[in-house]
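Summary of the model geometry
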Protein chains: 2
Amino acid sequence: MTKLDEKEIIKIFQKSLGNKTSEDVETFRLGKNLGVIKTDTLVESTDIPPGMNPHDAARKSVVACVSDFAAKGVWPLYGIVSVAIPKKYSAKKIKEIADGFRDASSEFGFSILGGDTNEGKELVMSVSVFGIAQGIVRRGGAKAGDSIIVTGPFGNTSAGLKLLLEKKKANQKYARKIKNAVYRPNPRLGFGILAGTYMSSAMDSSDGLSTTLVEMASQSKKKFAITNIPKELELEQFAAQNRLDVMDLVFNGGEEYEIVGTVPQRNLKKIKQIAKLNKIHLIEIGMVEKGNGVFLAESNKRITSGGWLHFKN
Amino acid sequence: MTKLDEKEIIKIFQKSLGNKTSEDVETFRLGKNLGVIKTDTLVESTDIPPGMNPHDAARKSVVACVSDFAAKGVWPLYGIVSVAIPKKYSAKKIKEIADGFRDASSEFGFSILGGDTNEGKELVMSVSVFGIAQGIVRRGGAKAGDSIIVTGPFGNTSAGLKLLLEKKKANQKYARKIKNAVYRPNPRLGFGILAGTYMSSAMDSSDGLSTTLVEMASQSKKKFAITNIPKELELEQFAAQNRLDVMDLVFNGGEEYEIVGTVPQRNLKKIKQIAKLNKIHLIEIGMVEKGNGVFLAESNKRITSGGWLHFKN
């Protein structure tokens, strides 16, 4: 998928439909509460990597919505699905897709009410999820002095995609881990729901870590100083083995359904408890400061939104 | 689109996701009210007829949802869109699509909150619409003695599609009318909202008149006796000129976004007033009786769900 094109397309849509602040979910007043809606489109030719079965593909389209709800601290209550299916698909394959939706909604505790099916040239799955909340954790609420946290290490999905798409090499154990990261991503719903009230801002990271940080810093009108890069030793070994840029894998990959959040110091202990309770590998990656932009603290090097800047010298 | 395949696919999905009664919209409890959600998928290769511009295609995907809300007597409040766009599309074309969504939502008085875009092999547009209601007009509420009404004549869209797809002939004035029926369908939102409380059952007719009548009779466990076929003289002339079966055009076409409803005798006057107010060409087509199935009253010939039965002879 051409990232630039997608950004341009989104701009055209936002301009036509009225410029609103970008959020992970759409909200509207519902009495004293907020109605929360999110839709996600998964397209066969661009979003389904080789070897992903129809069941997991349907699950992935649900995960994309659930991860956005998780980052905003909102429970998904109901979903509807809309699927374009190629004529050549067998009944077995169609059943796997339907079962994938059912199992994913059950995994994340909500109901799929129904939907619409149609014939198309390639598989396209749209999932829309609805919830109710008193409020949401915004992208733009970071305050100077807050810690920046992420709910897991980054880069494994990129590594997995490189393994699957570009025939890169990995040892057997790590290969299994990174393929699993691609096929069965885990949105942080339990953590997000409980942690929501303790975070000053949060965002789903599936557009890539750099894009996410830049967006949060920009909406918060703050500087994000990154002191600790959320990379694992195994990823560094994989990058070295395959002559890949580890920073590129960590910052510009995308498709990691982690939460990036900012936490006031007084809430850090609580957030860590919630992470432990939910078996989340919480990583503090930096601090919010006065100023603007995202920087690597050590080198004061600026991080821009994914894909353009590479970290090679 | 293969109708049989679509039915089979829907069955697979319904079986996986839990068998629920088919309705035009999905509903869930929202305090004392019902939350109402509907999604519709419009696919370039199967749903966009030749000559339909991107603006009207986007409008059509909105119309499909609005028509279902109309038939259930529910105002659409908010929408989200999810669009897969081919790489080759120009910014101009994408803007026309976005403007189509904006103009359609404004035409039908609701807000599009946002959505998702993606790259795909062909244009696929999913629209999800949300509303709140105290209740909905069900498909299964017809009572013996009710009149069966439709909000307009049938067959013009089929005729239009035959003109566009199969090079059939029509005089200039009628050609314009039936092409317009294809390109700019008019869901009966104003009528549906006001008439909802006066109808015992209703359904959107976009899957075809025969399918709609059979579904309503079946869910209502009643016999629908059709005494008056909602066809216009112009359609009969078009059918004769092109050697087409006028009954097939009327009953098995589809894509007419009319409301089919049943009305208790005591409410008929009121319904007619509402139709007049909304400039709707209301047609009484028959009566609900004890029994089951849909029949042409004159010949006692059974009407089955579109596509299989033809009315020749």
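Please read these numbers as outputs of a predicted model, since none were measured by experiment.

Next up on the list: the side chain of S305 of chain A. All names here are of chain A. Among the structural elements, S305 can be located in the segment after β12 (301-303). Relative accessible area serves as the criterion here: at 11%, S305 is assigned to the buried category. Within the local environment of S305, its side chain forms a polar contact with the side chain of T211, the two groups lying 3.1 Å apart. With near-sequence residues (within four places) excluded, S305 lies in contact with K7, S210, T211 and V214.

Turning next to the interface of chain A and chain B. Across the boundary between the two partners, chain A contributes 57 residues, which contact 57 residues of chain B. Summing the contributions of chain A and of chain B, the shared interface buries around 4,900 Å²; its carbon and sulfur component is 66%. Across the chain A-chain B interface, the total number found is zero salt bridges. For the pair chain A and chain B, the interface holds 18 residue pairs in polar contact (both at pLDDT 80 or more).

Residues and elements named next belong to chain B. All of the buried residues in helix α11 (residues 268-277) are L268, I271, I274 and A275. Buried residues of α11, seen end-on, are gathered within an arc of 120° and therefore sit on one face of the element. Away from its buried face by more than 90 degrees, α11 exposes K269, K276 and L277. As for α11, its buried residues are in contact with β6 (147-150), α7 (189-195), β9 (259-263) and β10 (283-289).

Once that is clear, we can look at the relation of the copies chain A and chain B. The two copies are related by a screw operation: chain A maps onto chain B through 180° of rotation and 0.0 Å of translation along the axis, at an RMSD of 0.0 Å. Here the transformation between the copies is reduced to the relation of a two-fold axis. Of the residues that chain A buries at the interface, 100% are likewise interface residues in chain B, meaning the two copies contact each other through the same surface.

What follows covers helix α8 (residues 209-220) of chain A. Residues and elements named next belong to chain A. The end-to-end C-alpha distance of α8 is 16 Å, a good match for the 16 Å that twelve residues give at a rise of 1.5 Å each. The buried fraction of α8 is high, at nine of twelve residues. Among all positions in α8, only L209, S210, T211, T212, L213, M216, A217, Q219 and S220 are buried.

Residue and element names in this part refer to chain A. Domain assignment breaks chain A into domain 1 (17-133) and domain 2 (147-303). For domain 1 versus domain 2, the distance between C-alpha centres works out to 23 Å. Buried surface at the junction of domain 1 and domain 2, both sides included, amounts to about 2,000 Å², of which 60% is carbon and sulfur. Remark: the boundary between domain 1 and domain 2 carries two salt bridges. K60 serves as the salt-bridge partner of E255, at 2.7 Å between the closest nitrogen and oxygen.

Cut-off values and rules
- Residues numbered from 1 in each chain as written.
- Chains lettered and ligands numbered in written order.
- Predicted model: local features only at pLDDT ≥ 70, side-chain atom pairs only at ≥ 80, totals over all residues.
- Heavy atoms only, no water.
- Helix = DSSP H or I, 4+ residues; strand = E, 2+ residues; numbered from the N terminus.
- Buried < 20%, exposed > 50% of the residue type's maximum accessible area, 1.4 Å probe, protein only.
- Polar contact = N/O pair within 3.5 Å; in protein donor to acceptor, adjacent residues only side chain to side chain.
- Contact = heavy atoms within 4.5 Å.
- Buried area = accessible area lost by both parts, 1.4 Å probe.
- Salt bridge = Lys/Arg side-chain N within 4 Å of Asp/Glu carboxyl O.
- Arc of directions from axis to C-beta.
- Least-squares fit on C-alpha atoms with pLDDT ≥ 70 in both.
- Expected span 1.5 Å × (residues − 1).
- Domains from an automatic or database assignment.

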